[in-house]
Amino acid sequence: METVEDVTRMHLVGGNLALDFVNTRTGPPVGPSDDDVLTGYPELVAWGAYAGALTGSEATALRRLSRADPDGARAAFSRALGTRDYLDDIFRSLAAGGAPGAAALDRLRDDEADALGHAQLQGGSTYAWVWRDDHTLARPLRQVVHAAVQLLTTGALDRIKGCGGCRFLFNDESKNRSRRWCSMDDCGTAEKMRRYVAARRTRGGAAPRKA
Ligand SMILES: [Zn+2]
């Protein structure tokens, strides 16, 4: 189960399900991505379970459904990649201080309308959308799409940022909005190392050289 391990190696650093979905592609901060953990419908389901969008039994049911309908699963997977592309466009534009394109927002609206058409309102301390009875192959994307709309409509847009060291996007929930890295363990540490090496080089260059 190598592919599932790939999916569960991804760090969920986005602070929002839609941003974590965008972060299933890795690479440098600008330019094309260099790796993608979503290689097929089974990986999409594995990611959904890993990220908390699907329960274990929902994932099992979706795997069974996708084996019974491989063409449908291929189509659902292809749509999921299209969703990831436009979510990437929307949130990367916002992270860069720009405005997302109208076409991407229209696609998000259509996907949200479809998602809510398959949801129920479940009561608790407040009411929330749930997809418990949605047994379609699009199920893994429902909460992703809804999380994107929630972030756009109720989040602080200036908290949506891109990591300084890689292409990951995140919602900066730090008190003083000072977060710069996807994770201090990855890009943050790499940056500290770069600064340390640069500082040593500067000191070394300034020191008198032995003849
Ligand atoms: Zn990073």
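Residues numbered from 1 in each chain as written. Predicted model: local features only at pLDDT ≥ 70, side-chain atom pairs only at ≥ 80, totals over all residues. Heavy atoms only, no water.

Some remarks on the overall build of the chain
Reasoning step 1: Within the chain one finds 8 helices and 6 strands.
Reasoning step 2: Principal-axis analysis of the C-alpha atoms gives the chain an extent of 75 × 40 × 35 Å.
Reasoning step 3: In the chain, which comprises 211 residues, the proportion classed as buried is 40%.
Reasoning step 4: Look at the contacts in the chain between residues 6 or more apart in sequence, and 56% of them connect residues 24 or more apart.
Reasoning step 5: With 29 positive and 27 negative side-chain charges, the chain shows a spacing of 10 Å between the two charge centroids. (Helix = DSSP H or I, 4+ residues; strand = E, 2+ residues; numbered from the N terminus. Buried < 20%, exposed > 50% of the residue type's maximum accessible area, 1.4 Å probe, protein only. Contact = heavy atoms within 4.5 Å. Lys, Arg positive; Asp, Glu negative; His and termini not counted. Charge placed at Lys NZ, Arg CZ, Asp CG, Glu CD.)

Comments concerning the coordination of the zinc ion
Reasoning step 1: On the protein side, the zinc ion has Cys-163 (SG), Cys-166 (SG), Cys-182 (SG) and Cys-187 (SG) as donor atoms, found 2.3 to 2.4 Å from it.
Reasoning step 2: Metal-centred angles of 104 to 114 degrees between the 4 donor atoms at the zinc ion mark the site as tetrahedral.
Reasoning step 3: In the primary sequence, the donor residues of the zinc ion line up as C-x2-C-x15-C-x4-C. Of this pair, Cys-166 sits in the loop between β5 (160-162) and β6 (169-171) while Cys-187 is found in helix α8 (residues 184-206), placing the two residues 21 residues apart along the sequence. (Donors = N, O, S within 2.8 Å, 3.2 Å for Na, K, Ca; no water. Tetrahedral: all angles 85-135°; square planar, octahedral: opposite > 155°, others 65-115°.)

Considering the pattern of salt bridges
Reasoning step 1: Applying the stated criterion to the full structure yields 13 salt bridges.
Reasoning step 2: Salt-bridge contacts for Arg-92 lead to Asp-88; the nearest nitrogen and oxygen are separated by 2.6 Å. Taken together, the residues Arg-92 and Asp-88, both in helix α5 (residues 70-95) and 4 residues apart, mark about one turn of the helix.
Reasoning step 3: Overall, the relative accessible area of 22% leaves Arg-92 in the partly exposed class.
Reasoning step 4: Under the relative-accessibility criterion, Asp-88 is labelled buried at 6%.
Reasoning step 5: Between Arg-142 and Asp-114 there is a salt bridge, and its shortest N-O distance comes to 3.1 Å. (Salt bridge = Lys/Arg side-chain N within 4 Å of Asp/Glu carboxyl O.)

Here's the deal with the packing of aromatic side chains
For any pair of aromatic rings, the description rests on two quantities: the centre-to-centre distance and the angle between the ring planes.
Reasoning step 1: A complete count under the given rule lists 1 aromatic pair for this structure.
Reasoning step 2: Between Arg-179 and the ring centre of Phe-170, over which it is positioned, the NZ or CZ distance is 3.9 Å. (Phe/Tyr/Trp six-rings, centres within 6.5 Å; stacked < 30°, edge-to-face > 60°. Lys NZ or Arg CZ within 6 Å of the ring centre and 35° of its normal.)

Side note on the layout of surface pockets
Reasoning step 1: Its boundaries defined by the atoms lining it, the largest pocket holds a volume of some 240 Å³.
Reasoning step 2: Around the largest pocket sit 16 residues that line it, and Arg-79, Thr-83, Asp-111, Ala-138 and Leu-141 are the ones nearest its centre.
Reasoning step 3: Examining the composition of the lining of the largest pocket, we find that 7 residues originate from one element, α5, more than from any other.
Reasoning step 4: In terms of residue class, the lining of the largest pocket is built from 8 nonpolar, 3 polar and 5 charged. (1 Å grid on protein atoms, 1.4 Å probe; cavity = no way out; pocket = protein on both sides within 12 Å on 5 of 7 lines; lining within 4 Å. Points joined across faces, edges and corners; volume = space filled by probe spheres on them. Nonpolar A, V, L, I, M, F, W, Y, C, P; charged D, E, K, R; others polar.)

Considering the side chain of Glu-58
Reasoning step 1: As for its position among the elements, Glu-58 is in helix α4 (residues 56-68).
Reasoning step 2: In this structure Glu-58 comes out as buried when scored by relative accessible area, which is 18%.
Reasoning step 3: Those residues in contact with Glu-58 that sit more than four places away from it in its chain are Ala-53, Trp-131, Arg-132 and Arg-139.

Focus: the pairing of strand β4 (residues 127-130)
Reasoning step 1: Bridge count for strand β3 (residues 120-123) against β4 is 4 bridges, and the pairing is antiparallel. Paired with Gly-123 across the two strands is Tyr-127, which belongs to β4. (Pairing = 2+ DSSP bridges.)

Details of the environment of Ser-66
Reasoning step 1: Relative to the helices and strands, Ser-66 is located in helix α4.
Reasoning step 2: Judged by its relative accessible area of 12%, Ser-66 falls in the buried class.
Reasoning step 3: For Ser-66, the contacting residues outside a window of four places in its chain are Tyr-41, Ala-73 and Leu-137.
Reasoning step 4: Of note is the side chain of Ser-66, whose polar atom sits 2.8 Å from the backbone oxygen of Arg-63. (Polar contact = N/O pair within 3.5 Å; in protein donor to acceptor, adjacent residues only side chain to side chain.)

These results come straight from atomic positions and should not be treated as a statement about function.
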